[in-house]
Amino acid sequence: MSFNKSFRVATFIFAGAFALLTGPAGANARVGWQTFAQSREGTAEVAGLENNSEMQGDRDQEQREREQEQRDREQEKRDREQEKRDRDQERVDRLEELYDNGREALDDEKYETARDRFAALAKANGPQTDAALYWEAYADQRLGQRQAALAAIADLKARFPQSRWQRDAGALEIEVRQGTGQPSRPEAQGDQELKMLAIQGLMNSDPERAMPLLEKVLQGPASPKEKSRAMFVLAQSGSPQGREIIGRIARGQSNPELQRKAVEYLAIFGGPEARKTMAEIYASSSDTSLKRSILRSYMIGGDKERLFAAAKSEKDPALRREAIRQLGLVHAEQELEQLYQTENSPEIRREILQSFFLAGDVHKMQEAAKNEKDPELRRAAVRNLGLVRSDESGKALAEIYARETDRGIREEVLNAYFLQGNAGAIVAIAKAEKDPGLKKRAVEKLSMMHSKEASDYMMELLQK
């Protein structure tokens, strides 16, 4: 077809279309065209809204994931810090266990074992090194190892000139130098036991004559068992003179081990006057180990008032936490509630929540899980609820999950149910939950539980 002919055909078609649109029938055509165009625009607008809604949903999901990642990073940081504290505490515990094993061996007269334990402890350079050197020398002396004993004493004197084991080491050195260098004879130990029985009998008949003898035992190089027995006799006597001797030892006139034993006996036998003495020692001492022993002695005596005072005013965070922990053990719920309301430190508030758990106070943990502003503390409260296996705590967790909008808290509730072994509650959540992520978490928990309810639900999922 030629160009001219094609042009004429196109012109004819255009003219016909123009006539239709401008004529009577064209009005209907125009309306139809407009309706079509509008419908296309409406469809495009709806599609746009749907796309916008999907995009907004994606953005919200991404925001939630970013927030969860941030929480996870913060939790990982806290976990690392806690792991470091745990490692440090594990080292301290190992050294204390080594010390206790050595002391037990001494009490059982297994001197070679005791010497090896204390020698290892001295090489570890822990906080009990001076005590370890003393007991190493003591065990060597009992084994007849005169030079080894003197070497350990010299090491103690050189490295720890201010140690409170110096007096004991001096008394032991005199005994070693005066000795024959022969191992301790079993009959000699029997003689010492007979002497202690004689002193104890004298305490019943003539306390005034017995007191100086007991004090001499405590100040000399007697065995740990003999010193402990002498301290017990003094404490049990209930006499003012006995309490005065124990009070002097508790104030630091002997080695730290005997001092802690004196504090323990003051708590058990001393009464209000003894607790007053312990409060004075606590206020004047800088020895963390001793102060911790006093706090535990307050717990033994049920002294909520002084534990509460330490929990409020103690500057050392570790001792504050110890006081708060002991408040939980004596079920001081009111004192813990006062501390929680006035405390600003998240770490201390978390410790208080842990003490609510020690006290078995489900109501306070539930209250914190519902109303606490700090999400991490709320999660801590929920975790503690999971450690309490009771109908009350299970009901509290169900209420929290039902009203909670924070995804992290709801996940923590699932963890708490898992800790309780409450498969039925997790199954109920998995069946009702509309959030795919939470439903998946619930199923993950169930997959690790050896429970008929969990197994039945897994089979139900597989049959769909």
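Quick note: structure is the one above.
A brief structural summary. This is a predicted model, so every value here is computed, not measured.

Criteria and thresholds
Counting from 1, residues in each chain are numbered in the order their sequence is written. A pLDDT threshold of at least 70 governs which residues receive local features in this predicted model, and a stricter bar of 80 or more applies before side-chain atom pairs are shown or counted, although totals over entire chains, interfaces and linings include all residues. For side-chain calculations, the full set of non-hydrogen atoms in the structure is used, while hydrogens and water are omitted. A helix here means a DSSP run of H or I that spans at least four residues, while a strand means a run of E at least two residues long, and both kinds are numbered starting from the N terminus. For the exposure calls, accessible area comes from a 1.4 Å probe over protein chains only, and a residue counts as buried if that area is under 20% of its type's maximum, exposed if over 50%, partly exposed in between. Contacts are assigned to residue pairs with any non-hydrogen atoms lying within 4.5 Å of each other. Accessible surface area values rest on a Shrake-Rupley calculation with a 1.4 Å probe, where residue burial reflects the displayed protein chains alone. Note on ring pairs: Phe, Tyr and Trp rings are taken, using the six-membered ring of Trp, and paired if centres are within 6.5 Å. Classes follow the plane angle, with under 30 degrees stacked, over 60 edge-to-face and the rest tilted. When the NZ atom of lysine or the CZ atom of arginine is within 6 Å of a ring's centre and also within 35 degrees of its normal, the charge is said to sit over that ring. Whenever a helix is involved, its axis is fitted only over the stretch in contact; in every case the axis is a line through C-alpha atoms, and angles between N-to-C directions fall within 0 to 180 degrees. The cut-offs work like this: below 35 degrees is roughly parallel, past 145 is roughly antiparallel, 65 to 115 is roughly perpendicular, and the gaps in between are oblique. Each crossing gets its hand from how the near helix is turned against the far one by less than a right angle, where anticlockwise is left-handed and clockwise is right-handed. When residue character is reported, Ala, Val, Leu, Ile, Met, Phe, Trp, Tyr, Cys and Pro are called nonpolar, Asp, Glu, Lys and Arg charged, and the others, Gly included, polar. Summarising the geometry, the arc corresponds to the directions from the helix axis toward the C-beta atoms. In protein, a polar contact requires one atom able to donate a hydrogen and another able to accept it; more generally it is a pair of N or O atoms within 3.5 Å, and residues adjacent in sequence count only if both atoms are side-chain atoms. One speaks of a salt bridge when a side-chain nitrogen belonging to Lys or Arg is within 4 Å of a carboxyl oxygen belonging to Asp or Glu.

**So, the overall build of the chain**
Then, number 1: Secondary structure assignment for the chain yields 24 helices and 0 strands.
Then, number 2: Considering the chain as a whole, with its 464 residues, one finds that 39% of them fall into the buried category.
Then, number 3: The contacts in the chain between residues at least 6 apart in sequence include a share of 57% that link residues at least 24 apart.
Then, number 4: Total accessible area on the chain stands at roughly 26600 Å², and carbon and sulfur atoms take up 52% of it.

**Observations regarding the packing of aromatic side chains**
Then, number 1: In total, this model carries 10 aromatic pairs according to the counting rule given.
Then, number 2: Look at Tyr134 and Trp135: their rings are 4.9 Å apart centre to centre, the planes differ by 75°, and that puts the pair in the edge-to-face class. Summarising the burial analysis for this pair, Tyr134 and Trp135 share the class buried.
Then, number 3: Taken together, the aromatic side chains of Tyr99, Phe118, Tyr134, Trp135, Tyr138 and Trp165 make up a single cluster linked through ring pairs.
Then, number 4: Here the basic side chain of Arg349 rests over the ring of Tyr340, its NZ or CZ set 4.1 Å away from the ring centre.

**Concerning the packing of helix 23 (residues 436–447) against helix 24 (residues 452–462)**
Then, number 1: One can describe the packing of helix 23 onto helix 24 by two numbers: an axis separation of 9 Å at closest approach and a directional angle of 125°. Relative to helix 24, helix 23 is oriented oblique. As for the relative orientation of helix 23 and helix 24, their crossing is left-handed in sense. Here Lys439, Val443, Leu446 and Ser447 of helix 23 lie close against helix 24, whose contacting residues are Ala454, Tyr457, Met458 and Leu461.
Then, number 2: Its residues placed into classes, the contact of helix 23 with helix 24 shows 6 nonpolar, 1 polar and 1 charged.

**Comments concerning helix 14 (residues 304–313)**
Then, number 1: Looking at helix 14, one finds that the buried residues are Leu307, Phe308, Ala310 and Ala311. When helix 14 is viewed along its axis, its buried side chains cluster within an angular range of 160° and face the same direction. Exposed residues on helix 14 whose side chains face more than 90 degrees from its buried face are Glu305 and Lys312.

**A look at the side chain of Glu372**
Then, number 1: Mapped onto the secondary structure, Glu372 falls in the loop between helix 18 (362–371) and helix 19 (375–386).
Then, number 2: Take Glu372: its relative accessible area is 11%, and that puts it in the buried class.
Then, number 3: A distance of 2.6 Å separates a polar atom in the side chain of Glu372 from a polar atom in the side chain of Arg349.
Then, number 4: A polar atom in the side chain of Glu372 sits 3.1 Å from the backbone nitrogen of Asp374.
Then, number 5: Once residues within four sequence positions are removed from consideration, Glu372 is found in contact with Tyr340, Arg349, Glu367, Leu377 and Arg378.

**Details of helix 16 (residues 333–342)**
Then, number 1: Within the sequence span of helix 16, burial applies to Glu335, Leu336, Glu337, Leu339 and Tyr340.
Then, number 2: Tucked inside the fold, the buried residues of helix 16 contact helix 14, helix 15 (317–329), helix 17 (346–358), helix 18 and helix 19.

**Focus: the side chain of Glu337**
Then, number 1: Residue position: Glu337 is located in helix 16.
Then, number 2: For Glu337, a relative accessible area of 17% puts it in the buried group.
Then, number 3: Within the local environment of Glu337, its side chain forms a polar contact with the side chain of Lys364, the two groups lying 3.4 Å apart.
Then, number 4: Ignoring sequence-local partners within four residues, the contact set of Glu337 consists of Phe356, Lys364 and Glu367.

**Details of the environment of Glu208**
Then, number 1: Looking at the secondary structure, you find Glu208 in helix 8 (residues 207–219).
Then, number 2: For Glu208, a relative accessible area of 65% translates into the label exposed.
Then, number 3: Each C-alpha atom, one on Glu208 and one on Gly242, is 10.0 Å from the other, the two residues being 34 residues apart in sequence.

**Some details on the pattern of salt bridges**
Then, number 1: For the structure shown, the criterion picks out 34 salt bridges.
Then, number 2: For the salt bridge of Glu244 with Arg248, the shortest nitrogen-to-oxygen distance reads 3.2 Å. Pair noted here: Glu244 and Arg248 are both in helix 10 (residues 240–250), with a separation of 4 residues, about one helical turn.
Then, number 3: With a closest N to O distance of 3.6 Å, Arg410 and Glu433 form a salt bridge. Here the residue Arg410 occupies a position in helix 21 (residues 407–420), and Glu433 occupies one in the loop between helix 22 (423–432) and helix 23, the gap between them amounting to 23 residues.
Then, number 4: In this structure Arg410 comes out as buried when scored by relative accessible area, which is 17%.
Then, number 5: Residue classification places Glu433 among the buried positions, given a relative accessible area of 13%.
Then, number 6: Each member of the salt-bridge network shares a partner with another, and the members are Arg292, Arg296, Glu322, Arg325 and Glu351.

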